[in-house]
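# Residue-level structural notes
Here is how the chains run, residue by residue.
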Amino acid sequence: MAGGNSEEALRRKLIATFLFQGIAAYLLLVAVAVFRRDDTGRVLAELGADAPYLIAIYFALAFALSLFKFKLSEKTFVNLALTSSTAMLPLLGPVVSCCIAVAATTITRALGVLQLGPNKSSLDDPGVNWARVFGQAGTYGIPVLFAGSVYEAVGGVTPALDSSWVSALRIAITGVALLFANHVVMDQVELIYGSTLRDFVRDTIVDATIFGLTLPYAVLMSLHFGSMGPGAIFGWAFMFVVFNLVARNLAVTRGARDRLVHRLASLSNVGRTISIQFKTDELLRAIYEACRNSVDVSFFSIAIHDEATNELVAELDIRDGAVLPKFRFPVGSGLNSWVFLNRRPLRLADTEETERMGIVAVDDGKATEGWLGVPMIARDRVLGVISVQSFKKNAFSQDDEILLTTIANQAAVALDNAVLFRDLSHLTGQLENRVLDRTNELQETNLRLVAADRSKSQFLAQMSHELRTPLNSIIGFSGVLLGSSRAMLTARLFKFVENIHEAGQHLLTLINDILDLSKIEAGRLEVAAQRFDLRKTVAVVERVIRGVGGEAGIRLESRVATDVPDVNLDEGKVKQILLNLLSNAVKFSHPNSTVGLEIERLDGAASPLAVESIAIRVSDSGIGIPRGELHRIFDQFYQVDTRDARARRGTGLGLSLARGLVDLHGGRIDVESTEGAGSTFTVLLPVDCEQSRDDEAGSRDELLEGAGSPT
Ligand code: ADP
């Protein structure tokens, strides 16, 4: 409110000052005209037939200079009408000169307010503008009357017909007085606008310099009348107007160049500013800001094409800085549609041109004249249209068109990127959600599995405990019975006890195997490595197997190569592997055949394990394994389903347990077999399982490191 009030106060003050200056000037002029009517009459009489020419030439000169006033810089306006006043004063006297100066400058300013001629007034406030037209009499009339008195005071004669140095000096003094008076009047207005002392000094120096440059012209012009008549005045006036026009053109060109440089500079920023925006609304705003530095954006709009509905959506519509609500219109008629469909810029000077082009402008409530619209094209697709409008005719130049096109091109790419980015974010979001869903599902499954696994382990631990206790009693007591009651029992009963003892032991093996397997699976079975001599282990195993095989007349031939060194492995587990394989070999052999056990050393280069190893080979010439079953015999509980195999008792756990134990040592197990001819199981174990585990970890680290760095 405060701002509004002070603006209104300023406006009123301005109007009052202009009116005051105008009234004062006209009253003064009337007074002086009346007071000096004889004198004015005398001057005109003295000039005789030349008087009308002089008046016409000077009016034309003052009018032309005032009409073609120009902006020298942001702050300095050059209006050389004062020079023409200086030149006419010594010839026509103050009253006629004042009338000419006031008439010429008032008319040109009135034309400006009516938006005619090269210098149009701003449309902001017609009240102030018209007051200023009236006040023009003060700005130019009062100084002329004042300078006229100074001229006479320094002894100037009217009309000045002699061309002495002294007359020249008098005219020069008159010019300075004119400038001074003009400044005094104008400063009144400047004061209202809030100019400071520094501004006064600066403006005065600039004006005095420019005026000082033209002063000799004025002096020469006046003095030449005496010797050459009105022709000389016309010649000088003509040259002066030409001079003014040249200076004006230079200033305009310079201004245009400065503007261009400014625009180019802001253009180079445009790409940078808008390319970092990924939100469409912010991007559109950034495009507007970018255009603001370069074109008149009083009426600005960005319409984006909606492919789904084939409509243009005015996503950003700004009128005098205020953002209007978005609205849609179908692609078809209208200027924006024309640009969209023709894929090229459209620049219209005024409404007549629009009609001539045969385009029906969509009535958007803005009855404007000038229109400029450019397409936003990216990847050969028109994304939309940027347009600006103006109440002025011919508001937009070709430069504006080129500039807006450049901005639109960059904007289109940025917009396209923003859309791609949005789609990508959307897809990424979807993907993330899916990954999240799957992860949750997996987590749930995992939790269920962990729970199930825990129950399984608990069950196994409990079961083995529950079963082993009574089983041990059964095995123990049946063992005792076997040892001590042969004589007391009938042969049949004794056989029963033997069966009980054997079945008990079988069950115990089964339970132990299951327990071991479940421990391996859970990763809870650890290798307790220690150095030992395999030969001793083989001797123990041999004794057990000979005991088993001897009954069926099966011989065991074992051979441990002499270079087999002490090994660093879990002896208990190695023993179990050997027993499992050998007992299978015995079990699946024909009576009176031979089972072989061979152990040899392989050095790192020869071993598939790539470290110093031992190869344990258990071979038999028994029933063999059908080719199609070979890959399954290591599965838990798997037993070959042939008549021969079924005839042998087993659990289907021995081989899977053996493989688990071999794996624990970092070794491998393979089988070769021919059905009906026998089988050979080969176990490879590192000589030192701890060493090979360290090596493996080391090479895995190296591999990871290698993957991490490109060298
Ligand atoms: P089990 O011997 O207790 O049945 P294993 O896991 O030790 O269980 O063996 C699985 C199956 O592989 C055996 O049932 C048998 O069919 C076959 N098999 C194992 N070793 C031999 C062998 N030396 N000769 C023939 N078949 C064998």
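Whatever comes next refers back to the structure up there.
A brief structural summary. Position numbers for residues start from 1 in each chain and track the written sequence from start to end. The model is predicted, so local features are restricted to residues of pLDDT at least 70 and side-chain atom pairs to those at 80 or more, both for listing and for counting; the totals for chains, interfaces and linings are taken over all residues. Values shown for side chains rest on all heavy atoms present in the structure; no hydrogens or waters enter the calculation.

### Quick look at the pattern of salt bridges
- By convention in these notes, a salt bridge is any Lys or Arg side-chain nitrogen within 4 Å of a carboxyl oxygen on Asp or Glu. The final tally for this structure, using the stated rule, is 30 salt bridges.
- The salt bridge involving E315 is made with K326; its shortest N-O contact spans 3.0 Å. Residue E315 is located in strand β4 (residues 311-319), and its partner K326 is located in the loop between β5 (322-324) and β6 (327-330); the two are separated by 11 residues in the primary sequence.
- Buried, partly exposed and exposed residues are distinguished by accessible area as a fraction of the type maximum, computed with a 1.4 Å probe on protein chains only: under 20%, between the cut-offs, and over 50%, respectively. The class of K326 is partly exposed, set by a relative accessible area of 48%.
- One salt bridge in this structure joins R546 and E542, with 3.6 Å as the shortest N-O distance. Here R546 pairs with E542, and both are found in helix α14 (residues 534-551), just four residues apart, close to one helical turn. For helices the rule is a DSSP run of H or I covering at least 4 residues; for strands it is a run of E covering at least 2, with both sets numbered from the N terminus onward.

### Overview of the pairing of strand β16 (residues 678-686)
- Among the nine residues that make up β16, eight are buried, leaving the element largely enclosed by the rest of the structure.
- As paired strands, strand β14 (residues 613-619) and β16 are joined by seven bridges and run antiparallel to one another. In the sheet register, A615 faces β16, and the bridge partner there is L684.
- Note on pairing: two strands pair once DSSP finds at least 2 bridges between them. Of the strand pairs in this sheet, strand β15 (residues 668-674) and β16 are connected by seven bridges, and their pairing is antiparallel. Paired with V671 across the strands is F681, a residue of β16.
- In this structure, the hairpin formed by β15 and β16 is closed by a connection of three residues, where G676 is found at a positive phi of approximately 85 degrees.

### Some words on a nonpolar patch on the surface
- For patches, a residue must show more than 30% relative accessible area and have no salt bridge; joins then use 9 Å for like charges and 5 Å for nonpolar side chains, namely Val, Leu, Ile, Met, Phe, Trp and Tyr. Residue burial considers only the protein chains on display, and all accessible areas are found by Shrake-Rupley using a 1.4 Å probe. The grouping of F234, F238, M239, V242, V246 and L250 at the surface amounts to a nonpolar patch, some 610 Å² of accessible area in total.
- Position of V242 relative to the elements: it lies in helix α8 (residues 230-275).

### Some remarks on the site of the ligand
- A single heavy atom is enough: if one lies within 4 Å of a molecule or strand, its residue is considered near that molecule or strand. Around the ligand there are 19 residues in total, and N584, K587, D620, T651 and L655 lie nearest to it.
- Within the backbone of G652, a nitrogen or oxygen atom sits 3.1 Å from an oxygen atom of the ligand.
- Between L655 and the ligand, the recorded distance is 2.7 Å, taken from a backbone N or O atom to an oxygen atom.
- Burial of the ligand by the surrounding chains reaches 97%, relative to a free accessible area of 530 Å².
- Of all the elements in the fold, those that place two or more residues in the shell around the ligand are α15 (571-587), α17 (654-664) and β16.
- Looking at which element gives the most residues to the shell around the ligand, the answer is α15, with three residues. The definition of a polar contact used here is a pair of N or O atoms within 3.5 Å, where within protein one atom must be able to donate a hydrogen and the other to accept one, and adjacent residues in sequence count solely through side-chain atom pairs.

### Here's the deal with the sheet that holds β16
- Sheet architecture is open: five strands sit in the order β11-β13-β14-β16-β15, paired in mixed fashion. Either end of the sheet is taken by a strand with one partner, and the two such strands are β11 (555-560) and β15. Averaged over all pairs of adjacent strands, the angle between their axes in this sheet comes to 15 degrees, without regard to strand direction. To get an axis, fit a line to the C-alpha atoms, keeping to the stretch in contact for a helix; angles then go from 0 to 180 degrees between the N-to-C directions.

### Here we look at the nonpolar core
- Among the buried residues, those of types Ala, Val, Leu, Ile, Met, Phe, Trp, Tyr and Cys that are joined through side-chain atoms within 4.5 Å form a nonpolar core. Counting residues in each nonpolar core, the largest one holds 46 residues, and the members touching the most others are L597, I614 and I616.
- At seven residues, α15 tops the list of elements feeding residues into this core.
- The contact rule is simple, with two residues in contact once any of their heavy atoms fall within 4.5 Å. Sequence-distant contacts of I616, defined by excluding residues within four places in its chain, comprise L578, L597, E598, I599, F681, T682, V683 and L685.
- Among the nonpolar cores identified, the runner-up in size contains 31 residues, and Y58, F70, W236 and F240 belong to it.

### As for the state of the cysteines
- Note that a disulfide, as used here, is simply two cysteine sulfur atoms within 2.5 Å. Taken as a whole and judged by the stated rule, the model has zero disulfides.
- As a non-bridged cysteine, C98 has C99 as the owner of its nearest cysteine sulfur, 5.8 Å distant.

### Observations concerning α15
- For a helix, the expected span equals 1.5 Å multiplied by the residue count minus one. For α15, with 17 residues, the first-to-last C-alpha span of 24 Å sits near the 24 Å given by 1.5 Å per residue.
- Here α15 starts with a cap whose side-chain oxygen sits 3.3 Å from the backbone nitrogen of G572, and that cap is D570.

### Quick notes on empty space enclosed by the protein
- Lining residues are those with an atom within 4 Å of a point, where the points come from a 1 Å grid over the protein atoms alone and group into cavities, where a 1.4 Å probe fits but cannot get out, or pockets, open sets with protein on both sides within 12 Å along at least five of seven lines. Grid points are joined across faces, edges and corners, and a volume is the space filled by probe spheres set on the points. The tally for this structure, following the rule as stated, stands at one cavity of 30 Å³ or more.
- Quantified by volume, the largest cavity comes out at close to 60 Å³.
- Forming the boundary of the largest cavity are R36, D39, T40, V43, L92, G93, P94, V95, E152 and T158.
- Secondary-structure elements contributing two or more residues to the lining of the largest cavity are α2 (37-47) and α4 (81-113).
- No other element matches the four residues that α4 contributes to the lining of the largest cavity.

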